[in-house]
2 protein chains.
Amino acid sequence: MQAKKNKKTQSSRKPAKKTSKKVSKKTSKSKIQNTLPDIDENFSEWFNEIIFQAEILDYRYNLKGCGVWLGYGFKIRRKYLEIMRDLLDNTPIPHEEMLFPLLIPKDQFMKEKETVKGFETEVYWVTHGGLTPLDVKLALRPTSETVMYPMVAKWIRSHQDLPLKTYQISNMFRFEGKNTRPLIRVRELTTFKEAHTYHETKEDCTDQIREAVSIYKKIFDTLGVPYLITQRPKWDTFPGADYTIAFDCIFLQSRKALQIGTIHNLGQTFSKTFDIKFETADGNQEYVYQTCYGISERGVASLIAVHGDSNGLKLPPVVAPIEIVIVPILFKNKEDEVMKVCNEFYDKLKKEGFKVRLDNRKISSGRKYFHWELRGIPIRVEIGPKDIAKNQIAVVRRDIKGKEFVPIDDSINYLHNLLKDIQQSLQKTAKKRHDELIFRTNDLEEAIDFIDKNKGIAEIPFCGEEDCAESIEKRLDGLKFLGIPERYLPILNKRVKKEKEIYCSHCMKPVTKYWRMGKTY
Amino acid sequence: MQAKKNKKTQSSRKPAKKTSKKVSKKTSKSKIQNTLPDIDENFSEWFNEIIFQAEILDYRYNLKGCGVWLGYGFKIRRKYLEIMRDLLDNTPIPHEEMLFPLLIPKDQFMKEKETVKGFETEVYWVTHGGLTPLDVKLALRPTSETVMYPMVAKWIRSHQDLPLKTYQISNMFRFEGKNTRPLIRVRELTTFKEAHTYHETKEDCTDQIREAVSIYKKIFDTLGVPYLITQRPKWDTFPGADYTIAFDCIFLQSRKALQIGTIHNLGQTFSKTFDIKFETADGNQEYVYQTCYGISERGVASLIAVHGDSNGLKLPPVVAPIEIVIVPILFKNKEDEVMKVCNEFYDKLKKEGFKVRLDNRKISSGRKYFHWELRGIPIRVEIGPKDIAKNQIAVVRRDIKGKEFVPIDDSINYLHNLLKDIQQSLQKTAKKRHDELIFRTNDLEEAIDFIDKNKGIAEIPFCGEEDCAESIEKRLDGLKFLGIPERYLPILNKRVKKEKEIYCSHCMKPVTKYWRMGKTY
Ligand SMILES: [Zn+2]
Ligand SMILES: [Zn+2]
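Procedures and definitions
Residues numbered from 1 in each chain as written. Chains lettered and ligands numbered in written order. Predicted model: local features only at pLDDT ≥ 70, side-chain atom pairs only at ≥ 80, totals over all residues. Heavy atoms only, no water. Donors = N, O, S within 2.8 Å, 3.2 Å for Na, K, Ca; no water. Tetrahedral: all angles 85-135°; square planar, octahedral: opposite > 155°, others 65-115°. Helix = DSSP H or I, 4+ residues; strand = E, 2+ residues; numbered from the N terminus. pLDDT = per-residue confidence, 0-100. Expected span 1.5 Å × (residues − 1). Buried < 20%, exposed > 50% of the residue type's maximum accessible area, 1.4 Å probe, protein only. Axes fitted to C-alpha atoms, helices over the stretch in contact; angles between N-to-C directions. Parallel < 35°, antiparallel > 145°, perpendicular 65-115°, else oblique. Left-handed = near helix turned anticlockwise from the far one by under 90°. Contact = heavy atoms within 4.5 Å. Nonpolar A, V, L, I, M, F, W, Y, C, P; charged D, E, K, R; others polar. Buried area = accessible area lost by both parts, 1.4 Å probe. Salt bridge = Lys/Arg side-chain N within 4 Å of Asp/Glu carboxyl O. Polar contact = N/O pair within 3.5 Å; in protein donor to acceptor, adjacent residues only side chain to side chain. Pairing = 2+ DSSP bridges. Least-squares fit on C-alpha atoms with pLDDT ≥ 70 in both. Domains from an automatic or database assignment.

Quick word on the coordination of the zinc ion (ligand 2)
Residue and element names in this part refer to chain B. Taken together, the protein ligands of the zinc ion (ligand 2) are Cys463 (SG), Cys468 (SG), Cys504 (SG) and Cys507 (SG), with distances of 2.2 to 2.3 Å. The coordination sphere of the zinc ion (ligand 2) comprises four donor atoms, whose angles at the metal cover 102 to 121°; the geometry is tetrahedral. All donor residues of the zinc ion (ligand 2) come from one chain, and their arrangement in sequence is C-x4-C-x35-C-x2-C. Placement of Cys468 in helix 15 (residues 466-473) and of Cys507 in the loop between strand 23 (502-503) and strand 24 (510-511) is noted, with a sequence separation of 39 residues between them.

As structure tokens, this is what we get:
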């Protein structure tokens, strides 16, 4: 439905001209007007439109749930991957990036029954090579355990080979029967980063879980994306894992939680299935302990969602393909003078290492403002004859309203600091709004009402039993338990608080924890 | 066959321990000995073994023609991609990196009949999602024309949208019936870079072909990979293209040419099929002119092949994951002193920006030399008590024999220059040996004899007719015409030489060009 509608309303629009470092001088005839829906009134439509209009992805491909990363979007994706790789490559014992095959022979895929069960109806099957039926059907990886673990079993021999930390960034496939949604529910995941680690002991695994949490915190903090860390209920744990810790981001308008990262302590489940053994220091054979953790293009989805407004994206400077755009304010007979100063200023910023663009297209300044606001460029610099006369530049930041005039001689320092400030400010603002969406209460009715009125995520006293959860989840369409908040998890806290005199919201048993529940994507 | 044999002989070996920036101190019990075949006596075996032993890829995956990029190999791949992206992103009008879907609905795939014909027997087909047969079968992209062009038709409206230069780096699939070969003939191409460009005029297309040739020259020059540039015969032109220019690298031992890059002038063939039109400056509708050009992991294959020797890889410093390895020479009671100096030297090199590793594993120096030679690290630095007494380091380069002693105070400059020297020297040496494999003669018998004795590629006078080519190719198993040498191509030369008084080696018609022929991969 969504996709079809997009196809209609968007068919006459197109991503803007690809340009050189300096925007081409050719004029453009296409009409520009803000056609973004109001972000608060119709977030879902806004989200689809901004992805298309800001040239992140084009989903008008002839296969539902598969999109094309466009030039601008791809640059944001690159930054996201750079941040990821930089952290994974530089842990005290580095994560080694590898790349495993996409195709999995059916017999190999079926070996791990628990995982397979979860994916049975979601796997794409290759059955023919050319016109010839294949002897063994091939699955397009929906997840990589069955691809990786038989290989790793060949690599690990002794405790000296441990720990082994690996990751890959690749595409994954899920045959989604339900409605697809740009960057969130897709058939081809284009940007799935999965780390898999192998250890000697259970304790090493626990340490690794901590490292994974710390890496993901840093990634999302860098994107300015707020999150909740929650241990999933046992019925929502990754099949075969001892436990699953998830990062969720509550979208600020829809108030629904999007799972943006998961971390699994796999124990020895998979090493036993795939026979990944090692020789211990005293000569015994033991199965390795494993963890795995993944994030995807949902990281990009959430940074779009939590910072954006009705005028478009707001990109944190660290992921912005362009940090500063210079717009010349041209008046008759002053064009050459203004362009000269703009060109000089462009060169100066370039030399200082700013990611800068000079927009010298022959279109109105208004259209330029619109264009770059939509794309979320953190800073716009305007230079006109008056500014030149006063030896100043006008600086407009994308994240908050207002224009500052800055002496051109102080501008480099000013802009450096402003970028840092925008980076922090976007994160802080999003976090503050995110925090306000979490409501703790001992009164189930109040919690249900809060969620029903689309106010966010509620924390209620809960016993952790699936029966109780089901009874409560039934109360509201789409209601789900996210699980146990970070503050109660012994592996993530030196001291864990135990709540006193609270009782499960359903069975009334005395309990020691509040659990999170809410609507989810 | 190959793969099976590998499985047996290699099952007890494994990629070495993944380590931190400083190699772990744990001892390793596995035996090390050079098990590489002699590169001159059995190049093909050497090639398979070095890829495995140096931890480039592991092909012991349960599906022929699909391998796993290992940590070390992946780092080389990363450098290769960096070099590529850096050039494509920074052309005067940049190439925009994008990412298109892997799956192509059958009806869309069948639209371009000429290309499809070439791939009919080579395409993997997805027929089921979960247990449900799909309404429309999906092809795994064997090439991306049918994926990209319908989208691009939506993007291009006016001459102002041109030129448009795009590229993507992704995986491609070919159901290879023939024997697969690591990095050269695979079922999953993991590293296919394809650029697609769109232009207003035929002339712009020609300019683009020149830019593409210049980009590929720079890429292969940086890798130190020698090449021949040849226009393919019309019967070997990409289906639908006006002409195809190819880069071939003659492997120095096998003397067979590997096609490592192709550049196609597509004219308007595809724009007519996919209806990619634009409005000209004077308001008419016209079809765009197109080019496309691709390179793949064969770039890595060729850099391995042309530089390596019987002791292993020789990596050009620009792609080496580690430029310098420091090996402490330890004597009893001097260990602490030596390790102190080595650590200091390591920190110094690190600070100077060298990619350096200190190998402090508790194994013999001999085994360390073996280990790093196999992996092609350009420079080894040895530091022992004698060196410390003399305030010097011992420097061993991987590319040529010999050891130099360098005062530690001069070492930084020395090492910087040495890396530059190795980079150039590897390229020069390979080019020189490559040049010697090309033989020009007017005598067909001599040419056939040259190729039959496995001496390389021959150039003979030739008319360009397919009939003549077939008659000549029949003379020798595996013999193939590569096409017309660069020096005769008007688009790549201001002045083109015309040979005089030479006659086609088969039909004896007077001709003006020598053509290249030889054995190919
Ligand atoms: Zn209960
Ligand atoms: Zn002839």
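Some thoughts on the confidence of the model for chain A
Looking at chain A, the pLDDT average stands at 92 and 92% of residues meet or exceed 70. At the level of chain-chain contacts, confidence expressed as ipTM amounts to 0.92, with global pTM at 0.93.

Comments concerning helix 7 (residues 202-223) of chain A
All names here are of chain A. Its 22 residues give helix 7 an end-to-end C-alpha distance of 32 Å, which sits within 8% of 32 Å, the value for a rise of 1.5 Å per residue. Within helix 7, burial applies to Cys205, Thr206, Gln208, Ile209, Glu211, Ala212, Val213, Ile215, Tyr216, Ile219, Phe220 and Leu223. Just downstream of helix 7, Gly224 is the residue with a positive phi angle, here 70°.

Side note on the packing of helix 10 (residues 335-351) of chain A against helix 13 (residues 411-435) of chain A
All names here are of chain A. Following both chains from N to C, one finds helix 10 and helix 13 inclined at 55°, their axes separated by 11 Å at the closest point. One finds that helix 10 runs oblique with respect to helix 13. For the pair helix 10 and helix 13, the sense of crossing is right-handed. Residues Phe345, Lys348 and Leu349 of helix 10 touch helix 13, and the partners they reach there are Ser411, Ile412 and Leu415. Residues belonging to the contact of helix 10 with helix 13 are distributed by class as follows: four nonpolar, one polar and one charged.

Topic: the coordination of the zinc ion (ligand 1)
Residue and element names in this part refer to chain A. Protein-derived ligands of the zinc ion (ligand 1) are Cys463 (SG), Cys468 (SG), Cys504 (SG) and Cys507 (SG), with the metal-ligand distances lying across 2.2 to 2.4 Å. Each donor residue of the zinc ion (ligand 1) belongs to the same chain, and together they define the spacing C-x4-C-x35-C-x2-C. Note that Cys463 is positioned in the loop between strand 21 (457-461) and helix 15 (466-473) and Cys504 in the loop between strand 23 (502-503) and strand 24 (510-511), a separation of 41 residues in sequence.

With respect to the interface of chain A and chain B
One frequently used descriptor of interface size is the decrease in accessible area upon assembly of the parts. Between chain A and chain B, the residue contacts involve 77 residues of the former and 76 residues of the latter. Across the interface of chain A and chain B, roughly 6,500 Å² is buried in total on both sides, 58% from carbon and sulfur atoms. Applying the counting rule to chain A against chain B returns six salt bridges. A salt bridge links Lys75(B) to Glu96(A); the shortest N-O distance between them is 3.0 Å. The interface formed by chain A and chain B includes 25 residue pairs in polar contact (both at pLDDT 80 or more). Here the side of chain A that touches chain B takes eight residues from helix 3 (residues 71-89) of chain A, the largest share from any one element.

Points about the sheet that holds strand 5 (residues 124-129) of chain B
Hydrogen bonding along the main chain pairs the strands of a sheet, whether they run parallel or antiparallel. Strand order in the open sheet formed by six strands is 4(A)-6(A)-5(A)-5(B)-6(B)-4(B), and the pairing between neighbours is antiparallel. Edge positions in the sheet fall to strand 4 (103-105) of chain A together with strand 4 (103-105) of chain B, since each has one partner strand and no second. Pairwise comparison of adjacent strand axes, ignoring direction, gives a mean angle of 45° for this sheet. As defined by bridge partners, strand 5 (residues 124-129) of chain A adjoins strand 5 of chain B across five bridges and the pair is classed as antiparallel. For Trp125(A), the partnering residue across the bridge sits in strand 5 of chain B and is His128(B).

Digging into the relation of the copies chain A and chain B
Screw-axis analysis of chain A against chain B gives a translation of 0.0 Å along the axis, an RMSD of 0.0 Å, and a rotation angle of 180°. The superposition of one copy onto the other is thereby described by a two-fold rotation axis. Taking the C-alpha atom as reference, chain A places Val126(A) closest to the rotation axis, 2.0 Å from it. Most of the interface of chain A is mirrored in chain B: 99% of its interface residues are interface residues there too.

A few points about the pattern of salt bridges
All chains considered together, the criterion is met by 60 salt bridges over all chains. Across the salt bridge formed by Arg78(B) and Asp89(A), the nearest N and O atoms sit 2.8 Å from each other. Here Arg78(B), found in helix 3 (residues 71-89), pairs with Asp89(A), found in helix 3, and the two come from separate chains. Using a relative accessible area of 24% as the deciding quantity, one classes Arg78(B) as partly exposed. The shortest N-O distance in the salt bridge between Glu211(B) and Lys165(B) comes to 2.9 Å.

With respect to the domain arrangement of chain A
Residues and elements named next belong to chain A. The assigned domain composition of chain A is domain 1 (68-307), domain 2 (317-421) and domain 3 (438-519). Computed over C-alpha atoms, the centres of domain 1 and domain 3 are 28 Å apart. Facing the 23 residues of domain 1 at the interface are 23 residues of domain 3. For the domain 1 and domain 3 pair, buried surface summed over both sides reaches about 1,900 Å², with 60% attributable to carbon and sulfur atoms. Here domain 1 is connected to domain 3 by two salt bridges. Measuring nitrogen to oxygen at the nearest pair gives 3.2 Å for the salt bridge that ties Glu486 to Lys217. In this assembly, domain 1 and domain 3 are joined by eleven residue pairs in polar contact (both at pLDDT 80 or more).

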